[in-house]
Amino acid sequence: MRILVTGGAGFIGSHLCEALLRQGHAVSIIDELNDFYSPALKRLNLEGIRKLGAVEFLEGDICDGERAYEFLKRNPPDAVVHLAARAGVRPSLQQPFLYERTNVLGTLTLLENCRRLGITKFVFASSSSIYGVSNNVPFREDDPNCLPISIYAATKLAGEKLCYTYSHLYAIRTVCLRFFTVFGPRQRPDLAIRKFTEMIDAGKPIPVFGDGSSGRDYTFVADTVQGILGALRYECGFDIFNLGNSAPVKLTEMIAAIEKAVGRKAVIDWQPDQPGDVPITFADISKAREKLGYAPGTPFEAGIVKFVEWFRTARSI
Ligand code: NAD
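Residues numbered from 1 in each chain as written. Predicted model: local features only at pLDDT ≥ 70, side-chain atom pairs only at ≥ 80, totals over all residues. Heavy atoms only, no water.

S.K.: Describe the site of the ligand, listing the residues and the values that go with them.
M.R.: Around the ligand, the surrounding shell holds 29 residues, and the nearest of these are Asp-31, Tyr-37, Leu-83, Tyr-152 and Val-182. The backbone of Gly-10 places a nitrogen or oxygen atom 3.3 Å from an oxygen atom of the ligand. Arg-188 places a side-chain nitrogen or oxygen 2.8 Å from an oxygen atom of the ligand. Computed on the free molecule, the ligand has an accessible area of 820 Å², of which 97% lies beneath the protein chains in the complex. Of all the secondary-structure elements, those providing two or more residues to the shell around the ligand are α1 (11-22), β5 (121-127) and α6 (151-170). For the shell around the ligand, the residue count by class is 15 nonpolar, eight polar and six charged. (Near = heavy atom within 4 Å. Polar contact = N/O pair within 3.5 Å; in protein donor to acceptor, adjacent residues only side chain to side chain. Areas by Shrake-Rupley, 256 points an atom, 1.4 Å probe, with all protein chains shown as cover. Helix = DSSP H or I, 4+ residues; strand = E, 2+ residues; numbered from the N terminus. Nonpolar A, V, L, I, M, F, W, Y, C, P; charged D, E, K, R; others polar.)

Below, the structure is given as structure tokens:
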């Protein structure tokens, strides 16, 4: 199969492209290599992918529908994994229109291209943040009260709705995957685990928002990729799955795990809660286990050890 991975030069996308090539699939990538974090890191990710096989690559914006259409028409994919997005809760409050453009218009533009090109399999990267401040923990996919409390989360929920509409109108078989804080080698530099590791290692104080009791259902990137591969194989009209670890970790526990792996104590700079942040994410993954064969196999501490090992080799970049 040929798979288009939008955002394939990013953190999760680069791991997915490598896994697809290892399985013998052909891979196309659309990525604009924007400067949300260093484009040099994304180019490095692309280099790593190309070591495993040739890829068709368009350096461009998914919102530029005609350019993407011409690119895809030359070698149409059998399936799309749509990862390209503006990610991150806090920056979405600073740039709401940019988030809306990329995550909503971008998703719509891509779905339109699927319709035009007759591509009938679509996997969409959604987010645990769409559950908002839900009291129904662990979060289940059939929760009727998804009330996002950040612009980012609202754009992801809008993306899911567009996916449903296109699956209904044009029989595009679609799976929405709600990722829960993904971590591991090549993690985005804006995410807490990576930032904290860098700062603890350098002996700098880390800003900790809230009282440290907030919980995140951190998921190791290889497990997320395994879930995406399961979604590509899964046959349905439209469906939604949580891809978490189902074992939330408190912020203080996360810091302790990094301290242990780095071998240095953190200096903590306590800060008030941030708007848009939710107190806990916690995935019920029974549906994904049953239907996608999803089986996260990396406990949090083991994942942190792997992350820090990678961090030590990547630090010089
Ligand atoms: P990332 O920023 O590393 O990757 C996203 C990639 O998309 C980047 O390479 C970027 O250049 C590209 N991109 C952004 N806007 C684009 C545009 N308009 N046109 C073309 N390319 C564009 O992020 P990631 O952590 O790998 O996240 C991948 C997906 O998973 C995103 O949709 C994100 O919202 C979702 N997600 C991630 C997490 C997580 O913890 N990392 C959690 C929930 C959901």
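S.K.: Which residues make up the sheet that holds strand β1 (residues 2-6), and what values go with them?
M.R.: Across the sheet, which stays open at both edges, the seven strands sit in the order β3-β2-β1-β4-β5-β6-β11 with parallel pairing between neighbours. The open sheet has two free edges, formed respectively by β3 (55-58) and β11 (238-243), since each of these has just one partner strand. Adjacent strand axes in the sheet meet at a mean angle of 20°, parallel and antiparallel pairs treated alike. (Pairing = 2+ DSSP bridges. Axes fitted to C-alpha atoms, helices over the stretch in contact; angles between N-to-C directions.)

S.K.: Any chance you could break down helix α9 (residues 251-262) for me, citing the residues and the numbers?
M.R.: Taking 1.5 Å per residue as the helical rise, α9 with its 12 residues ought to reach 16 Å, and the 16 Å between its terminal C-alpha atoms agrees with that figure. Within the sequence span of α9, burial applies to Leu-251, Met-254, Ile-255, Ala-257, Ile-258, Glu-259 and Val-262. Contacts from the buried residues of α9 go to α7 (192-201), β8 (205-209), β12 (249-250), β13 (267-271) and α11 (300-314). (Expected span 1.5 Å × (residues − 1). Buried < 20%, exposed > 50% of the residue type's maximum accessible area, 1.4 Å probe, protein only. Contact = heavy atoms within 4.5 Å.)

S.K.: Got a sec to walk through the pairing of β5? Specific residues and values, please.
M.R.: Most of β5 is tucked away: seven of the seven residues are buried. The alternating pattern of β5 places Lys-121, Val-123, Ala-125 and Ser-127 on one face and Phe-122, Phe-124 and Ser-126 on the opposite face, and all of these are buried. As paired elements, strand β4 (residues 79-82) and β5 share three bridges and run parallel to each other. Note that in β5 the partner of His-82 across the bridge is Phe-124. The β-α-β motif built from β5, the intervening α6 and the parallel element strand β6 (residues 173-179) has right-handed crossover chirality. (Right-handed = clockwise from strand over helix to strand, strands pointing away.)

S.K.: Give a detailed account of the packing of aromatic side chains, specifying residues and quantitative values.
M.R.: Here the structure, examined in full by the defined rule, presents 14 aromatic pairs. Aromatic pair Tyr-131 and Phe-180: ring centres 6.4 Å apart, planes at 40°, arrangement tilted. With a gap of 49 residues between them, Tyr-131 in the loop between β5 and α6 and Phe-180 in the loop between β6 and β7 (182-183) connect regions that are remote in the sequence. For Tyr-131, a relative accessible area of 1% gives the class buried. An aromatic cluster is built from Phe-183, Tyr-218, Phe-220 and Phe-300, whose rings are joined through pairwise contacts. Over the ring of Tyr-37 we find Lys-42, and its NZ or CZ is 4.5 Å from the ring centre. Between the NZ or CZ atom of Arg-116 and the centre of the ring of Tyr-69, over which it lies, the distance is 3.8 Å. (Phe/Tyr/Trp six-rings, centres within 6.5 Å; stacked < 30°, edge-to-face > 60°. Lys NZ or Arg CZ within 6 Å of the ring centre and 35° of its normal.)

S.K.: Describe in detail the pairing of β6, supporting the description with residues and values.
M.R.: In terms of burial, β6 is largely enclosed, as six of its seven residues are buried. With seven bridges connecting them, β5 and β6 associate as parallel partners. Within the sheet, the bridge partner assigned to Val-123 lies in β6 and is Val-175. The pairing of β6 with β11 spans six bridges and is parallel. Paired with Val-175 across the bridge in β11 is Asp-239.

S.K.: Would you mind going over the side chain of Ser-14 in detail, with residue names and values included?
M.R.: Note on placement: Ser-14 falls in helix α1. At 2.8 Å, the side chain of Ser-14 forms a polar contact with the backbone oxygen of Gly-10. Side chain to side chain, Ser-14 and Arg-186 meet in a polar contact 3.1 Å long. Setting aside its immediate chain neighbours within four residues, Ser-14 contacts Gly-8, Asn-45, Ile-49 and Arg-186.

S.K.: Let's hear about the nonpolar core: which residues, and what values?
M.R.: Of all hydrophobic cores here, the largest spans 47 residues; its most connected members are Leu-16, Leu-177, Phe-179 and Leu-292. Among the elements that line this core, the one with the most residues is α1, at seven residues. Once residues lying within four places of it in the same chain are set aside, the contact partners of Leu-16 are Val-5, Val-81, Leu-83, Val-225, Ile-228 and Leu-229. (Core = buried A, V, L, I, M, F, W, Y, C linked by side-chain atoms within 4.5 Å.)

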